[in-house]
Amino acid sequence: MTVESTAARTSRRSAGSKAGTTGTKAAGTTGTKRTTRTTAKKGAGAANAAEPELVQLLTPEGKRVKNAEYDKYVAGITPEELRGLYRDMVLTRRFDAEATALQRQGELGLWASLLGQEAAQIGSGRATREDDYVFPTYREHGVAWCRGVDPTNLLGMFRGVNNGGWDPNSNNFHLYTIVIGSQALHATGYAMGVAKDGADSAVIAYFGDGASSQGDVAESFTFSAVYNAPVVFFCQNNQWAISEPTEKQTRVPLYQRAQGFGFPGVRVDGNDVLACLAVTKWALERARSGEGPTLVEAYTYRMGAHTTSDDPTRYRHDDERAAWEAKDPILRLRRHLEAANHADEGFFAELEAESETLGRRVREAVRAMPDPDHFAIFENVYADGHALVDEERAQFAAYQASFADAEGV
């Protein structure tokens, strides 16, 4: 299996395309100016939509563009570090593709793909320090990779063999959160505690455009602003909340919501790993220095289904996806590496082999996961036990035993 998607390879062959290169001026970060043009309706010819103004350091063609405000945050990046970012994105995509395949083969109950969102996750994840704390949703596989969480540990919950799979305190990476938007409150409370402890670390909370409509997120904005909490709200606007387009959720660009709560918001090109790295570094430094919260809107696209139980062909058009394929985050950085002579074919070939090794390791690890104790679900419900739980346990035991009886017939 190749390390690039079919779409990426097709797009690389047609590198002369100019899709998505307009409107790349840096957005104001003070939250006081409306700097974004309205995009066209989803499914109505998105390839012809006006591009929003956002922070961008790499164009879809891989050309490095200057930005007076954010260049300093990536000024010292080395060719080795650029190759590292590329490796992170490629291996994260390979892991994600393997997990999707495993679900289709019946090895996982469900999977939420990050395809297309690698730059937003790797750029922001690599901006964090070891002592920062991350609160993810259920799609932050790339951020987990950056925090040193073994990718195979992400799969236990989706296979139904555990409730998480890793110790959150080992990597300062919280367990995946299924309840939409609730992790923003967890992050805010944790950040308030960090401030009271006098630590100079920061907290970052991830959520999607759909979660931005949740009351929990609004409450988080209120508390974090009032208490000047050292938290970064990182919203991956992948254009669709399952089947609901962003413009049906908000009258203004998402990053502008921050100004109503009294803190800065900025929109960044979510398919540009350098821009995501720079903007997140800036936001985290603000938090650590006592300047309070920031909302970062990473403007990106969910190339696949919301989860493996979703069929995106029922609500969005092929031309929309095609327009975003031209802005593929991995392809973008590869073009830059090749143009700058920072990577040769040997590097890409070695990475291809490494990705295949990762795929095999993931497959083997999932299939080797032991089944959980069938009765563990009844443990620790109440501290001292409960008659109703005892009754339910007995009913379940009888149900399990019925299968053994059927086999003996």
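A. Quick peek at the overall build of the protein chain. In terms of helices and strands, the protein chain carries 13 helices and seven strands. Considering only contacts in the protein chain between residues 6 or more positions apart, those separated by 24 or more positions represent 76%. For the protein chain, the accessible surface area stands at approximately 18,000 Å², while carbon and sulfur atoms represent 51% of it.

B. The sheet that holds strand β7 (residues 294-299), seen in detail. The five strands lie next to each other as β1-β2-β3-β7-β6, forming an open sheet whose pairing is parallel. On the outer flanks of this sheet lie β1 (133-135) and β6 (265-269), each paired with one strand and no other. Direction aside, the axes of adjacent strands within the sheet are offset by 20° on average. Pairing analysis gives five bridges linking β6 to β7, with the strands arranged parallel. Each residue of the ladder has a partner; that of Gly265, found in β7, is Leu295. Lying over the sheet, helix α9 (residues 273-288) contacts β2 (203-208), β3 (231-237), β6 and β7, oriented at roughly 160° with respect to β6.

C. Inspection of a nonpolar patch on the surface at higher detail. Judged by side-chain polarity, Phe223, Val226 and Tyr227 come together as a nonpolar surface patch covering roughly 340 Å² of accessible area. Counting through the fold element by element, Val226 comes out in helix α8 (residues 215-226). Judged by its relative accessible area of 62%, Val226 is exposed.

D. Unusual backbone geometry, seen in detail. The phi torsion at Asn228 lies on the positive side, around 50°, for a residue other than glycine. By the secondary structure assignment, Asn228 is in the loop between α8 and β3. The phi dihedral of Asn380 is positive, around 60°, even though this residue is not glycine.

E. The arrangement of the packing of helix α3 (residues 118-127) against α9 in detail. In contact at an axis separation of 7 Å, α3 and α9 are set at 40° when each is read in the N-to-C sense. On the basis of their axis angle, the class for α3 and α9 is oblique. In the packing of α3 onto α9, the handedness of the crossing is right-handed. From α3, Ala119, Ala120, Ile122, Gly123, Ser124, Arg126 and Ala127 reach across to α9, where they touch Val273, Cys276, Leu277, Thr280, Lys281, Leu284 and Arg288. For the contact of α3 with α9, the per-class residue count stands at eight nonpolar, three polar and three charged.

F. Focus on the pairing of β3. The buried count for β3 comes to seven of seven residues, which makes it a mostly enclosed element. Residues of β3 alternate between two faces, with Val231, Phe233, Cys235 and Asn237 on one and Val232, Phe234 and Gln236 on the opposite face, all of them buried. Direction of pairing for β2 relative to β3: parallel, over a ladder of six bridges. Residue pairing for β3: Ala205 is matched across the bridge by Phe233.

G. A look at the packing of aromatic side chains. A complete count under the given rule lists 28 aromatic pairs for this structure. Judged by centre distance (5.2 Å) and plane angle (80°), the rings of Phe221 and Phe261 are edge-to-face. Here Phe221, found in helix α8, pairs with Phe261, found in the loop between β5 (244-245) and β6; they are 40 residues apart in sequence, far enough to count as distant. Taken together through their ring pairs, the aromatic side chains of Phe95, Trp111, Phe158, Trp166, Phe173 and Tyr176 make up a single cluster. The ring of Trp324 carries Lys327 above its face, with NZ or CZ at 4.0 Å from the centroid. One Lys or Arg, Arg334, reaches over the ring of Phe348 and ends 3.8 Å from the middle of that ring.

H. Expanded view of the pattern of salt bridges. Tallied over the full model, the rule gives 23 salt bridges. A salt bridge links Arg64 to Asp71, with the nearest nitrogen and oxygen atoms 3.1 Å apart. The closest approach of N and O atoms between Arg288 and Asp132, which form a salt bridge, is 2.6 Å. One end of the pair, Arg288, is in helix α9; the other, Asp132, is in the loop between α3 and β1, with 156 residues separating them in the sequence. According to the relative accessible area criterion, Asp132 is buried, its value standing at 0%. A single salt-bridge network, built from bridges that share partners, covers Arg94, Glu98, Glu356 and Arg363.

I. Just the packing of helix α2 (residues 79-104) against α9, in detail. The N-to-C vectors of α2 and α9 enclose an angle of 105°; their axes lie 11 Å apart at closest approach. Considering the angle they form, α2 stands roughly perpendicular to α9. Of the residues in α9, those touching α2 at Leu82, Leu85 and Met89 are Val273, Leu274 and Leu277.

J. Looking closely at the side chain of Ser182. Note on placement: Ser182 falls in helix α7 (residues 182-197). Discounting residues that sit within four places of it in the chain, Ser182 has contacts with Thr177 and Asp216.

Calculation criteria
Residues numbered from 1 in each chain as written. Predicted model: local features only at pLDDT ≥ 70, side-chain atom pairs only at ≥ 80, totals over all residues. Heavy atoms only, no water. Helix = DSSP H or I, 4+ residues; strand = E, 2+ residues; numbered from the N terminus. Contact = heavy atoms within 4.5 Å. Areas by Shrake-Rupley, 256 points an atom, 1.4 Å probe, with all protein chains shown as cover. Pairing = 2+ DSSP bridges. Axes fitted to C-alpha atoms, helices over the stretch in contact; angles between N-to-C directions. Patch = residues over 30% accessible without salt bridge, like charges linked within 9 Å, V, L, I, M, F, W, Y side chains within 5 Å. Salt bridge = Lys/Arg side-chain N within 4 Å of Asp/Glu carboxyl O. Buried < 20%, exposed > 50% of the residue type's maximum accessible area, 1.4 Å probe, protein only. Parallel < 35°, antiparallel > 145°, perpendicular 65-115°, else oblique. Left-handed = near helix turned anticlockwise from the far one by under 90°. Nonpolar A, V, L, I, M, F, W, Y, C, P; charged D, E, K, R; others polar. Phe/Tyr/Trp six-rings, centres within 6.5 Å; stacked < 30°, edge-to-face > 60°. Lys NZ or Arg CZ within 6 Å of the ring centre and 35° of its normal.

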